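# Working through the structure, step by step
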Amino acid sequence: MLTYLLTEYFTAVNAAADEESAIAGAVERATEMVEAEAGAVVREGRVSGAYGFGAQVPVAGLLAVAAGQTVLDVPGLGELHAAPNPLGGEDGDALIVCRADEPFTPAERQMLRGMGQVLGLALRSIRVLAAERHLRAEKERQASNAQTRQRLVESLLTIQRAISARRPLPEILDAVTSGAADLLDGATVALLLAEGGPDRRLSVASTCGGTDGEPVAESAARAAMSGGTVLVRPDATGTVIAAPVRVTGEMAGSLIAHLPGSTEQYAEQRDQLAAFAQQVSLALTDARTVEAVREAHHDPITGLPNRALFLKILNRVLASRATETDPTSVLFVDLDRFKAVNDSLGHEAGDQLLALVARRLRGCVRASDTTARLGGDEFAALLHDSPVEAATIVGDRVVAAIKEPFRVAGREVFIGASVGIATSREPTERSETLLHNADLAMYRAKKDGTGRVLVYEPYMHTEALDYLSMRGDLQRALRGGEFRLQYQPLVRLTDGVAVGVEALIRWHSPTRGFVSPVDFIPIAEEFGLITDIGQWALETSAQQVARWRRDFPDLGLNVNVSGHQLVHPRFADNVMRALAIAGLPSSAVTLELTESVLMSEPDLGKAALHVLRGLGVQLSIDDFGTGYSSLAYLRELPVDELKIDRAFIARAELTAEDLALVRTIVELAQILGLRTVAEGIENAAQLEALRKLGCGYGQGYYLCRPTDPDQLPSCLARPLREDLVTHPRT
């Protein structure tokens, strides 16, 4: 916009027939462009072209403003902010613009300075043309000046068109130096720009011609920047002209020209170089503005559009759809296991991984589609004219691409992706709604298991509302004491004696009734409530078992621990504090963690577990055999116990395959010196089979159901199965 206004101003002023009309038109246009009240030109000690002052023009005040004063007192208008803009000729010559309400911004001052330069150049050109009409002897010289002015206009317009077309900045700067060198009859022209840092070192950004005068040029450039005006001075080879370059009011460098001969003959060239310097200022300002706009709409790590730009593009696409048969699909992509990489390898590696993911994501869609990073480890893709079937194929392609290993920080990294898809259904569909629906589908896909692709269905919205409602109910349950604990004994299978109890959390909501842990624990984990709930369960069960140990001194406590608790920076301290308050020895406590927790965050909780193991707390792997079952973490972590998942003994009569799998786990535990606990024992046949296989301990309804605290002591006082006593293992 600035380039266009200045070009229009330049053309209008140069079209004037004489100096008086040029000044009048220039003042009026300049005043209107910045929404000012008044203006005038001071030239050769006289005021002309006064605009907006009424009958009484404040001549003395305007002369003072031309000399540097920035406030003008005008009868009837009051105190005005004044901006004097040198015309580039005699000292004191200036285009003055005055405004009542607000001071002029740096951008407005830069534009007004450009107008002053242009007006000064035009007035001198007009005066030359007027002299041509009266002095026939000067005809040839005047014709040459007119040709130069035309060349200047053409050169400046060419540069301004390049700026408007957003040509690369180096290309524009080269056009400035070469254009100035050509207009100045082959002079050496260089553009020096100040770098960042306290010393503001000058470096050559563009040059045309020789470089013999560079040391003198830098000195002249700094002098022009310091004074803020065009400098003309002699040097060892002739004359150097230095015109300062500004960016939004700040000095940014200087445009330098070396010419042969004395300084007196270069008044016109001084103005011409100043006009070219103004073009550099405009180009740099425009480039900075474009970069600022890009930074505001693009993710700096991946270079992809950010959420704001993605929604703008999606809005435009939805608004331009011709019919409802032109579907637009949105993919919401969430990375799996990214946090583990970011935390273990560092944020720099995490950023590198995000950039690689962005590259693969772009490779999964068409060139006409749009990909974006929404924030964190979330990405999106906009698929034009893509029905749900085609979008699902792209979603599968994304999952497969992200599943392949990445090379990050010198090692192979494996992550995954879950994808939700939403397709526009209504002509008036809003972009935020479509993206939100894809987000809901992604969440549902992740809930069903990682690496899935799921299409949005309306029921997911209701499900999400219930999900948020559940979060609020959980917070109230924790504050209102709605949780309670039941305890299920861990039974020694050789004699039926309960050697410990596992604390099991229960929630009976006033509005929902009984809510299964399977339903509320994942929600508590996602919203960060599980740490407080888990700490409550640990403290409550530790105090309860400490009381029972007065009658049953060897009774142990098993407590489930979530991944969120494990990676909490004060996890070990929280455990030991709970045991200290309860008076329960650490050797009586076993923490149960699932295989998936240990493998999803293999490094983060390792230190805390070793600290706790060193203090006597024991570790059990819950649901063993259903997850990764990696010997690596059994070797690296201080594991004491394996709990065989109920899935291996769920049949009423165990098959040969079931028995073989259980035998493998038991023998593995014996080799590693670990206890084995079988979960879900439901009948005598299962119990007998497990005893024969050498499994040491068990839990299940056949032995004892989860029991309220007030009823459990009677269960602990006697063997829980008579058949274990009458038929001990041989």
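What you see is a predicted model, and the numbers here were worked out from it, not measured in a lab.

## A word on the overall build of the chain
The helix and strand inventory of the chain stands at 25 helices and 26 strands. Counting over 730 residues, the chain shows a buried share of 49%. Sequence-distant contacts, at least 24 apart, represent 62% of the contacts inside the chain between residues at least 6 apart.

## Digging into the packing of helix α13 (residues 431-448) against helix α14 (residues 459-480)
The description of two packed helices rests on the angle between their axes and on the distance between the axes. Relative orientation of the contacting elements α13 and α14 amounts to 75°, with a least axis distance of 10 Å. When the axis of α13 is compared with that of α14, the two are roughly perpendicular. Residues His436, Leu440, Ala441, Tyr443 and Arg444 of α13 form the contact with α14, whose participating residues are Tyr459, Met460, His461, Glu463, Ala464 and Tyr467. Along the lines of polarity and charge, the residues of the contact of α13 with α14 split into seven nonpolar, two polar and two charged.

## A few points about the sheet that holds strand β3 (residues 71-74)
Taking strand neighbours across the sheet as the criterion, the five strands line up as β2-β1-β5-β4-β3 in an open arrangement whose pairing is antiparallel. The open sheet has two free edges, formed respectively by β2 (46-51) and β3, since each of these has just one partner strand. Neighbouring strand axes in the sheet, compared pairwise and without regard to direction, differ in orientation by 30° on average. In terms of strand pairing, strand β4 (residues 78-86) meets strand β5 (residues 94-99) through six bridges, oriented antiparallel. Bridging across to β5, alanine 83 finds its partner in valine 97.

## Structural notes on the pairing of β4
Where β3 lies against β4, four bridges are found, and the strand directions are antiparallel. For leucine 72, the partnering residue across the bridge sits in β4 and is leucine 80. In this antiparallel pair of consecutive strands, β3 and β4, the connection spans three residues, and glycine 76 shows a positive phi of 90°.

## Some details on the sheet that holds strand β9 (residues 238-247)
One key point about sheets: their strands pair by backbone hydrogen bonds, in either a parallel or an antiparallel sense. The strand order β7-β6-β10-β9-β8 describes an open sheet built from five strands, whose pairing is antiparallel. At either end of the open sheet lies a strand with only one pairing partner, and these are β7 (202-208) and β8 (231-235). If you compare each strand with its neighbour and ignore which way they point, the axes differ by 25° on average. In this sheet, strand β10 (residues 250-259) lies alongside strand β6 (residues 188-194) in antiparallel orientation, the contact comprising six bridges. Its bridge partner lying in β10, valine 189 is registered against alanine 257. Sitting on the sheet, helix α6 (residues 169-183) touches β6, β7 and β10, and the angle it makes with β7 is about 60°.

## Some words on the pattern of salt bridges
Across all of its chains, the model carries 24 salt bridges by this definition. Here arginine 43 and glutamate 19 are joined by a salt bridge, their closest N and O atoms 2.4 Å apart. Taken as a pair, arginine 43 in strand β1 (residues 38-43) and glutamate 19 in helix α2 (residues 19-33) lie far apart in primary sequence, 24 residues in all. Look at the salt bridges and you will find they share partners, linking Glu19, Arg43, Glu44 and Arg127 into a network.

## Observations regarding unusual backbone geometry
Working note: non-glycine residues mostly have negative phi, and peptide bonds are mostly trans. In this structure, glutamate 44 takes a positive phi of about 55° despite not being glycine. For glutamate 44, the location among the structural elements is in the loop between β1 and β2. Phi at aspartate 385 is positive, roughly 45°, even though this residue is not glycine. Among the secondary structure elements, aspartate 385 is positioned in the loop between β13 (378-383) and α12 (388-403).

## So, helix α3 (residues 59-66)
Those residues of α3 not exposed but buried are Gly61, Leu62, Val65 and Ala66. Across the axial projection of α3, the buried residues extend over an arc of 140°, all falling on one side. Contacts from the buried residues of α3 go to β1, β2, β3, β4 and β5. Phi turns positive one or two residues past the end of α3, at glycine 68, with a value near 130°.

The rules we used
Each chain carries its own residue numbering, running from 1 in the written order of its sequence. In keeping with the model being predicted, local features are shown solely for residues with a pLDDT of at least 70 and side-chain atom pairs are shown and tallied solely at 80 or more, while totals for entire chains, interfaces and linings include all residues. With hydrogens and water excluded, all non-hydrogen atoms of the structure serve as input to the side-chain values. Where helices and strands are cited, they refer to DSSP runs of H or I of at least four residues and of E of at least two residues respectively, numbered from the N terminus. Burial here depends on accessible area, computed with a 1.4 Å probe over protein chains only, as a share of the maximum for the residue type. Under 20% is buried, over 50% is exposed, and the range in between is partly exposed. Contacts between residues were defined by any pair of non-hydrogen atoms, one from each residue, lying within 4.5 Å. Note on definitions: angles span 0 to 180 degrees between N-to-C directions of axes, and those axes are lines fitted to C-alpha atoms, for helices only across the stretch in contact. Reported orientations rely on four angle classes, namely roughly parallel under 35 degrees, roughly antiparallel over 145, roughly perpendicular from 65 to 115, and oblique for the rest. Nonpolar residues are Ala, Val, Leu, Ile, Met, Phe, Trp, Tyr, Cys and Pro. Charged residues are Asp, Glu, Lys and Arg, and all others, Gly as well, are polar. In this description, strands pair whenever DSSP reports at least two bridges between them. Salt bridges are counted wherever a side-chain nitrogen of Lys or Arg sits within 4 Å of a carboxyl oxygen of Asp or Glu. Throughout, the arc means that of the directions going from the helix axis to the C-beta atoms.

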